Each structure stands twice: as structure tokens, then as C-alpha cells.
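The residues making up each chain are set out below.
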Amino acid sequence: GPMAYLSRSDWGAVPPVRTVPVSKRLKGVCLHYMGFPVRTEDPVRLAQSIQRNHMAPPKNWWDVAYNEFVAQDGTVLEGRGLLYRSGAQGSTAHNRAYIALGLLLGDGDEPTDEMIQAVRERIAVVRFFQPAATEIVGHSDLKPTTCPGIHVRVLIRKGAFEPNNADTPAP
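Residues numbered from 1 in each chain as written. Predicted model: local features only at pLDDT ≥ 70, side-chain atom pairs only at ≥ 80, totals over all residues. Heavy atoms only, no water.

Check the secondary structure of the protein and you find six helices and six strands. The C-alpha atoms of the protein give a radius of gyration of 15 Å, which matches the 16 Å a tight globule of 171 residues would have. With respect to the three principal axes, the spread of C-alpha positions in the protein is 40 × 35 × 35 Å. A burial count over the protein gives 48% of its 171 residues as buried. Partitioning the contacts of the protein with sequence separation of at least 6, the portion at a separation of at least 24 is 69%. Total accessible area computed for the protein in this model is approximately 8,600 Å², and 55% of it derives from carbon and sulfur atoms. Seen as two clouds, the 19 positive and the 17 negative side-chain charges of the protein have centres 11 Å apart. (Helix = DSSP H or I, 4+ residues; strand = E, 2+ residues; numbered from the N terminus. Rg over C-alpha atoms; globule rule 2.2 N^0.38 Å. Buried < 20%, exposed > 50% of the residue type's maximum accessible area, 1.4 Å probe, protein only. Contact = heavy atoms within 4.5 Å. Areas by Shrake-Rupley, 256 points an atom, 1.4 Å probe, with all protein chains shown as cover. Lys, Arg positive; Asp, Glu negative; His and termini not counted. Charge placed at Lys NZ, Arg CZ, Asp CG, Glu CD.)

This paragraph deals with helix α2 (residues 43–55). The end-to-end C-alpha distance of α2, which contains 13 residues, comes to 18 Å, matching closely the 18 Å that a straight helix rising 1.5 Å per residue would cover. A distance of 3.0 Å separates the backbone nitrogen of V44 from a side-chain oxygen at the start of α2, and that oxygen is part of D42. (Expected span 1.5 Å × (residues − 1). Polar contact = N/O pair within 3.5 Å; in protein donor to acceptor, adjacent residues only side chain to side chain.)

Next up on the list: the pattern of salt bridges. Under the counting rule described, the total for this entry stands at four salt bridges. Residue R122 is joined to E68 by a salt bridge in which the shortest nitrogen-to-oxygen separation is 2.8 Å. Placement of R122 in helix α4 (residues 113–129) and of E68 in strand β3 (residues 68–70) is noted, with a sequence separation of 54 residues between them. Classification of E68 by relative accessible area gives buried; the value is 0%. For the salt bridge of R157 with D141, the shortest nitrogen-to-oxygen distance reads 2.9 Å. (Salt bridge = Lys/Arg side-chain N within 4 Å of Asp/Glu carboxyl O.)

As C-alpha cells, this is what we get:
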């Protein structure tokens, strides 16, 4: 069926401390994972908990770091939203250059077909507004980190997240 999209008010986000508009010259989309076991937790509770963690000490970030979250069932949750600069990539230059999609996965969790399809759809939306934003990278392509995990890195290399890729990747 159609993908569920939950706005900030739908999942009970608290307002950001501050926002910066998204760049009009994005390079593309950067994929992230959560780095802890997610199981099939309720994506709403997870988003609330991640936002609290990002905005509380010691981080004290302006908001949840990701532009959007994508859950295992394909639900998309608005994070900062596509109109605001990400805070997830570890540097101002990378935050300016890429939209951040936070996949609700832990280390070792494999993305479901529904999640992969939802990521493709969100990348297609970014490219609709910014046709030059063609890159799809993992966080580890930008800095030394285990994020977004081995499974997502392999899928990126295979082109599985390209919006025009109709094949469902084999596990």
C-alpha cells in the first residue's frame, strides 16, 4: 500500500531550538543507521527518544539530526524536514551538501524491502526539487564511522537505493 508519512506533529516532535535553510546546491543524500539494536520498536517512540537524546546534554543539538527517518515497515517520519539543513554528517560542509536519512536499523539489522523502497521514494523527492543532488552515500563515505552498517553500505554499492531501480535486492 502507500507509504505512511508522519509529520513532526504526528509523532510529537518538540520544536527545534534553531533552523538553517537547506542548501540550494545539495550533492545528494547520506544514509545513516542508529547504531543500536532497533528490533521492531514503535517508530514513533524511537523518533521521540532519538530527538530527546540529540537535544539533551552533552549533545545539545538544535533538533533531531536527521532530515527524515525511515522505519523497517516503510513508514517515513519527518525529522528536521527537507527544507532545513541536517545536523547528522559531522561537519558543516557535509551537513550543507547532503540530506540525512536516518534508517531505523541497528548494527547487523538488514533493511527490509519496504524500507529500501521508502528510501528510494524519498531520494526521488529530493531529486525532484534538486535534480543535481544525485549522490547516494553512506555516513562512512564522509567520515570514519561504522554508520550506516555493512548491509546498507553493500546496498549503496549495488545501486539498490536508486529511485529507478525496480529490482528488489536479494538478501
